[in-house]
Amino acid sequence: MAGATLLGLATLVGVGIAGWIVYEAEIPRIKPPDRALLSPALIRRGEQLATVGDCIVCHTADNEPALAGSRALATPFGTLYSNNITPDPDSGIGSWSADAFRRAMKQGVARDGSHLYPALPYEHFSRVTDDDLDAVYAFLMSRDPVKKTAPPNELMPGLGFRPLLAGWKLLFLRTAATASDPSESPEWNRGRYLVDGLAHCGGCHTPRNILGGEEWGKRFAGGVAEGWNAPPLDANNVSSERWSVETLYGYLKTGTARGHSSAAGPMGPVTEGLSRLNDDDVRSIATYIDSTMHAGAVTRPAGRRVAGGGADVAVQSHPATVTLFEGACGGCHEPAAPMASRGRPLLSDTSDMNAPDPRNAIQAVLQGIKDPTSDAPFMPPFTDNLTDEQVADLLAYARSRFTSQSPWPRLGNAVRDIRKENAR
């Protein structure tokens, strides 16, 4: 009897603790702020900060109004649909106070007290100052309201139970602000604040564990985002020796860097947003990332960077693919092609062709690459034009011809698997 009583008490205590952890109070609704009373200077600052945070990228569905949500976000746990963050009072955040907005951004809790999924990267936004969040809030409240409700999320069974997210936060949410380092320059400190906070670069460029949290001790070691590899932003980046503040700045501002690479996959919209960010903040971001790439630099053998240097060997190794390459790729990727004279990266320079994993090179062929900052012609998708075998043959030939890296193993299987992923 005594044992049963103790068990009952322990159960009640456990339920009470769980309830205390899970419960978040509702914050009362407000009337949408009068846009005429919002400071124009605050709105302009908030627009720049929202650009750093890529708000419009995640909260805008294809061919839909900006910031109205409903964009599908694929995760290992199912598909999430982003929320409407226009000032519509019913389907958006028009009824949210600044306090409710700050709580959502820093603690992952909606105005009604429900827990938000970490697709909203509040583990990074928790480092942002209240003043900056208030500026973002002012910007969002100055937009036109759009009445649009996101579709229901499509998650694995059981993961739609939002109280579980309180446990996730206990494990992975840290709320410490980013402290200034007096030994570094103001530009470096500004860059770290933006990279670790609103820009949430580690959200993609850090590997995640089985629960979806960023792996401790592996910051900027590389991750996966929307089916593309997000390369390391530390010294393990295969091109770290050749990146500098200037080349990083140019890449972030334009989406391409001669002698390096072009932004593809989810990085394309990021650079499109950064093209509208003020130059000082982009340079600060480049300054900080440059320092992480060159901290404890790794020495590695240099790959061949002279385009065409391996042509004879490649032709001998892949004779049947030469004609295919000339027809599908040569017009842009031969060393004397117009693309090269216009400043586009050569295949010998791109990180994707020199990487140990072929994922991004495969995705570039299947999905194509759109110039993120202009309507200029760029690489079209070949997913409907080339078979898995042809894609694998082309990439094997290009890697053999334009780099000194060893062949990718099981390349055909990788192409087949990634094409299946894209079709889901």
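In what follows, the structure referred to is the one given above.
How each quantity is defined
- Each chain carries its own residue numbering, running from 1 in the direction its sequence is written.
- Reporting of local features is limited, given that this is a predicted model, to residues whose pLDDT is at least 70; pairs of side-chain atoms are given and counted only at 80 or more, and all residues count toward the totals for whole chains, interfaces and linings.
- To get the side-chain values, all heavy atoms of the structure are used, and hydrogens and water are removed first.
- A side-chain nitrogen of Lys or Arg and a carboxyl oxygen of Asp or Glu constitute a salt bridge if their distance falls within 4 Å.
- Numbered from the N terminus, helices here are DSSP runs of H or I no shorter than four residues, and strands are runs of E no shorter than two.
- Throughout, exposure labels follow a simple rule: accessible area from a 1.4 Å probe, protein chains only, divided by the maximum for the residue type, with under 20% read as buried, over 50% as exposed, and the rest as partly exposed.
- The rule is short: rings of Phe, Tyr and Trp, with Trp giving its six-membered ring, pair when the centres are within 6.5 Å, and they are stacked under 30 degrees, edge-to-face over 60, tilted in between.
- Our definition puts a charge over a ring when NZ of Lys or CZ of Arg is within 6 Å of the ring centre and also within 35 degrees of the ring normal.
- Summarising the geometry, the arc corresponds to the directions from the helix axis toward the C-beta atoms.
- Throughout this description, the term nonpolar core refers to a set of buried Ala, Val, Leu, Ile, Met, Phe, Trp, Tyr and Cys residues connected via side-chain atoms within 4.5 Å.
- Contacts: residue pairs with any heavy atoms within 4.5 Å of one another.
- Criterion used throughout: strands pair if DSSP finds at least two bridges between them.

Undergrad: Honestly, the pattern of salt bridges in this entry has me stumped. Any pointers?
TA: Where charged atoms from two side chains of opposite charge approach closely, those side chains can pair. Per the counting criterion, the structure on display carries 24 salt bridges. Across the salt bridge formed by Arg 29 and Asp 90, the nearest N and O atoms sit 3.6 Å from each other. In this pair, Arg 29 is assigned in the loop between helix 1 (2-22) and helix 2 (40-52) and Asp 90 in the loop between strand 2 (78-81) and helix 4 (98-107), connecting sequence segments 61 residues apart. Relative accessible area serves as the criterion here: at 57%, Asp 90 is assigned to the exposed category. We note a salt bridge from Asp 196 to Arg 219, for which the minimum N-O separation is 2.6 Å. Of this pair, Asp 196 sits in helix 8 (residues 186-196) while Arg 219 sits in the loop between helix 9 (202-205) and strand 4 (223-225), placing them 23 residues apart in sequence. Classification of Asp 196 by relative accessible area gives buried; the value is 11%. Here the salt bridges share partners, and the residues they tie into one network are Arg 29, Asp 88, Asp 90 and Lys 147.

Undergrad: Honestly, the packing of aromatic side chains in this entry has me stumped. Any pointers?
TA: Any aromatic ring pair is given by two values, namely how distant the centres are and how the planes are angled relative to each other. Under the definition given, this model contains eight aromatic pairs. For the ring pair Trp 168 and Phe 172, a centre distance of 5.0 Å and an interplane angle of 50° mean the geometry is tilted. Separated by four residues within a single helix, Trp 168 and Phe 172 lie in helix 7 (residues 164-172), roughly one turn from each other. For Trp 168, a relative accessible area of 10% gives the class buried. Three or more aromatic residues joined by ring pairs make a cluster, and in this case those are Tyr 122, Trp 168, Phe 172 and Trp 216. The ring of Tyr 122 has Lys 169 sitting right over it, with the charged end atom 5.4 Å from the ring centre. One Lys or Arg, Arg 283, reaches over the ring of Tyr 249 and ends 4.2 Å from the middle of that ring.

Undergrad: Hey, could you run me through helix 7 in this one?
TA: Residues spaced three or four apart along an α-helix face the same direction, because each turn holds 3.6 residues. Listing the buried residues of helix 7 in full gives Leu 165, Ala 166, Trp 168, Lys 169 and Phe 172. Looking straight down helix 7, one finds its buried side chains confined to an arc of 155°; they lie on one side.

Undergrad: I keep staring at the nonpolar core and nothing clicks. Help me out?
TA: Within soluble globular proteins, side chains that are nonpolar generally end up buried alongside one another. Counting residues in hydrophobic clusters, the biggest one holds 55 residues, and the most contacted among them are Ile 93, Phe 101, Leu 140, Val 195, Leu 252, Ile 285 and Ile 289. In terms of residues, this core owes the most to one element, helix 6 (residues 130-141), which gives eight residues. Excluding its chain neighbours within four sequence positions, the residues that come into contact with Leu 140 are Leu 67, Ile 85, Pro 87, Ile 93 and Phe 101. Counting residues in each nonpolar core, the second largest holds 23 residues, with Val 365, Leu 394, Leu 411 and Ile 418 among its members.

Undergrad: What is the right way to look at the sheet that holds strand 3 (residues 154-155) in this model?
TA: Sheet architecture is open: three strands sit in the order 1-2-3, paired in antiparallel fashion. Bordering the open sheet on either side are strand 1 (72-75) and strand 3, each of which pairs with just one other strand. For strand 2 and strand 3, the ladder comprises two bridges, and the chain directions are antiparallel. In the sheet register, Thr 79 faces strand 3, and the bridge partner there is Glu 154.

Undergrad: Can you walk me through the pairing of strand 1 in this structure?
TA: Moving residue by residue along a regular strand, the side chains alternate between the two faces of the sheet. Here strand 1 runs beside strand 2; their pairing, made up of four bridges, is antiparallel. Each residue of the ladder has a partner; that of Ala 74, found in strand 2, is Thr 79.

Undergrad: I would appreciate a short explanation of the side chain of Asp 352 in the present structure.
TA: Along the polypeptide, Asp 352 turns up in helix 17 (residues 351-354). Not counting the four nearest positions on each side in its chain, Asp 352 is found in contact with Asn 360, Ala 361 and Trp 408.

Undergrad: What exactly am I supposed to notice about unusual backbone geometry here?
TA: Excluding glycine, residues mostly carry a negative phi; peptide bonds, for their part, are mostly trans. For Leu 67, which is not glycine, the phi torsion reads 70° and is therefore positive. Mapped onto the secondary structure, Leu 67 falls in the loop between helix 3 (55-58) and strand 1. In the Ramachandran plot, His 200 falls in the positive-phi region, its phi being about 40° despite a non-glycine side chain. Given a relative accessible area of 15%, His 200 falls into the buried group.

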